[in-house]
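The primary structure of each chain is shown beneath.
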Amino acid sequence: MNVDTISDFLAEQRDNAPDELQGLVLEFETLWERKLWHELTNQLIEFFNHPGSAPQRLQFYKVFILKFADKINQLKLVDLALKAATQCTDNQERLTFMQSVATRVDKENSQDALVFALIAVARVKLDLEDLPGARKDLDRAESILDKFDSVESIVHASFYKAQADYYQAKQDFSAFYKNALLYLACIDVKALSYEERRVRAHDLAIAALVSSSIYNFGELLLHPILDALKEKEEDKWLRDLVFAFNKGDLVQYDLLANQIKAHPLLAAHGRQLREKIYLAALTEAVFRRPPHDRAMSFDTIAAETKVRPEEIEHLIMKALSLGLLRGTIDQVDGVAHINWVQPKVLDKTQVKNMRARLKEWDSSVEQLGNWIEKVGQDVWAA
């Protein structure tokens, strides 16, 4: 396409653009003629970021941007292509388009852009429910990422988001939980819309609860994303449930039984959730005790966890095997000797209990010091 044709194209696009974008389109031709690729790229990004440019993005990419695609930052090229791809008529067209973009940037000096494009291809395959195909592209992207010392946060964020979506589709809740939190670590959570924060918080909470390997909710409880569940009355119960599991609150768990039964995924994991809250109640019962008073009879554990006496030994063994507790079981006397409990995030009530225990310890140390001073007066005098 010659200069005159480019000029005609830009003139046509300028006339079709919203009034507030016509000035930007007017600058495109000047920057293109002067070969100011960096400035032109930034202007195009500004144009593409404006919602009013949506109908023109795909044409701009195919007719104009591809003329100098090799001369601009390849990561920004993929970013522009992603915005243009939103105007494809369906996922199949979007897939073909993004695969062509990935092929274009598959060069030795633009591997970060290739990763970005591969992730976009994987996301479209997820939309098409082609999970094996998405996994193949994500594995390739990950193998390239592992070779980088550093990479733009937008690439990492895109990767972890796609990974999370893949594992959510596979119902691998532990892997989803891990990758979803990594995604949030790469972005400014405040930049997300309220609805997206709400969905993310909901999905993370559910994954933490139904996962067979997550028993410590500290990372989620401390994350601001969870606050999104405080804003609507119909969401608050889920946040309360996560906090109930964190402190083994059986009373609160029972109060939320109706909401649990009404949620399909939680209801399907009802038995596992019950065992999980029992384990949480057990670790909380141990945690509340000072280290010198952690020899607990089975009867005491049954009373505090509401577990049937004949199931107590199995519950303790489960906690030991999961690394939630360390210690031994005296089967003859029916006593569990616990010497360590997994650390966890504390709420205000638990902090008060910790404060009381520290004060008790301080008092014991002071009493011991006074006793040593009293019985050892002759030694000190000598």
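Here is what the cut-offs are and how they apply
Residues numbered from 1 in each chain as written. Predicted model: local features only at pLDDT ≥ 70, side-chain atom pairs only at ≥ 80, totals over all residues. Heavy atoms only, no water. Helix = DSSP H or I, 4+ residues; strand = E, 2+ residues; numbered from the N terminus. Buried < 20%, exposed > 50% of the residue type's maximum accessible area, 1.4 Å probe, protein only. Contact = heavy atoms within 4.5 Å. Pairing = 2+ DSSP bridges. Salt bridge = Lys/Arg side-chain N within 4 Å of Asp/Glu carboxyl O. Axes fitted to C-alpha atoms, helices over the stretch in contact; angles between N-to-C directions. Core = buried A, V, L, I, M, F, W, Y, C linked by side-chain atoms within 4.5 Å. 1 Å grid on protein atoms, 1.4 Å probe; cavity = no way out; pocket = protein on both sides within 12 Å on 5 of 7 lines; lining within 4 Å. Points joined across faces, edges and corners; volume = space filled by probe spheres on them. Nonpolar A, V, L, I, M, F, W, Y, C, P; charged D, E, K, R; others polar.

Under an unreviewed UniProt entry, the name given to the chain is PCI domain-containing protein, and the organism recorded is Triangularia verruculosa.

Draft legend 1. The arrangement of the environment of Gln-59 in detail. The topology assignment puts Gln-59 in helix α4 (residues 57-64). By relative accessible area, Gln-59 is classed as partly exposed at 40%. Counting along the chain gives 46 residues from Gln-59 to Gln-13, while the straight-line C-alpha distance between them is 9.1 Å. Setting aside residues up to four positions removed in sequence, Gln-59 forms contacts with Phe-9 and Phe-64.

Draft legend 2. Focus on the pairing of strand β3 (residues 335-341). In this structure, strand β1 (residues 295-297) lies alongside β3, joined through three bridges in antiparallel fashion. For Ser-297, the partnering residue across the bridge sits in β3 and is Val-335. Strand direction decides the pairing type here: strand β2 (residues 325-330) and β3, joined by six bridges, are antiparallel. Following the sheet pairing, Leu-325 is matched in β3 by Val-341. Here β2 folds back onto β3 in antiparallel fashion, the turn holding four residues, of which Gly-334 has a positive phi close to 65°.

Draft legend 3. Region of interest: the pattern of salt bridges. Inspection of the entire model under this criterion finds 21 salt bridges. We note a salt bridge from Glu-195 to Arg-198, for which the minimum N-O separation is 3.4 Å. Placement of the pair is Glu-195 and Arg-198 together in helix α11 (residues 194-210), with a separation of three residues, close to one helical turn. Salt bridges sharing common partners tie together Glu-195, Arg-198, Glu-234 and Asp-235.

Draft legend 4. Spotlight on the sheet that holds β2. The strand order β1-β3-β2 describes an open sheet built from three strands, whose pairing is antiparallel. Two strands bound the open sheet, and with one partner strand each, they are β1 and β2. Strand-to-strand twist across the sheet, computed as the mean angle between neighbouring axes with direction ignored, equals 25°. Its contacts with the sheet place helix α17 (residues 270-287) against β1, β2 and β3, and it is angled at close to 80° to β3. Against the sheet, helix α18 (residues 298-305) touches β1, β2 and β3, its axis set at about 75° to β1.

Draft legend 5. The arrangement of unusual backbone geometry in detail. In the Ramachandran plot, Glu-129 falls in the positive-phi region, its phi being about 65° despite a non-glycine side chain. Looking at the element boundaries, Glu-129 is found in the loop between α7 (111-127) and α8 (131-145). Its identity is not glycine, yet Lys-306 carries a phi of approximately 65°, on the positive side. Checked against the element boundaries, Lys-306 lands in the loop between α18 and α19 (312-321).

Draft legend 6. Representation of the nonpolar core in the model. Judged by nonpolar contacts, the single largest core of 124 residues is most densely connected at Phe-28, Leu-44, Phe-60, Phe-64 and Phe-97. The residues contacting Phe-28, other than those within four sequence positions of it, are Leu-10, Leu-40, Gln-43, Leu-44, Phe-47, Phe-60 and Phe-64.

Draft legend 7. Structural context of empty space enclosed by the protein. Counted by the stated rule, this structure contains one cavity of 30 Å³ or more. Taken together, the elements giving at least two residues each to the lining of the largest cavity come down to α13 (233-246) and α17. If you tally residues by element for the lining of the largest cavity, the top one is α17, at four residues. Split into classes, the residues belonging to the lining of the largest cavity amount to eight nonpolar, four polar and two charged.

Draft legend 8. Here's a closer look at the side chain of Arg-200. Along the chain, Arg-200 falls in helix α11. Residue classification places Arg-200 among the buried residues on the basis of a relative accessible area of 11%. Setting aside residues up to four positions removed in sequence, Arg-200 forms contacts with Lys-161, Ala-164, Asp-165, Ala-180, Tyr-183 and Ile-225.

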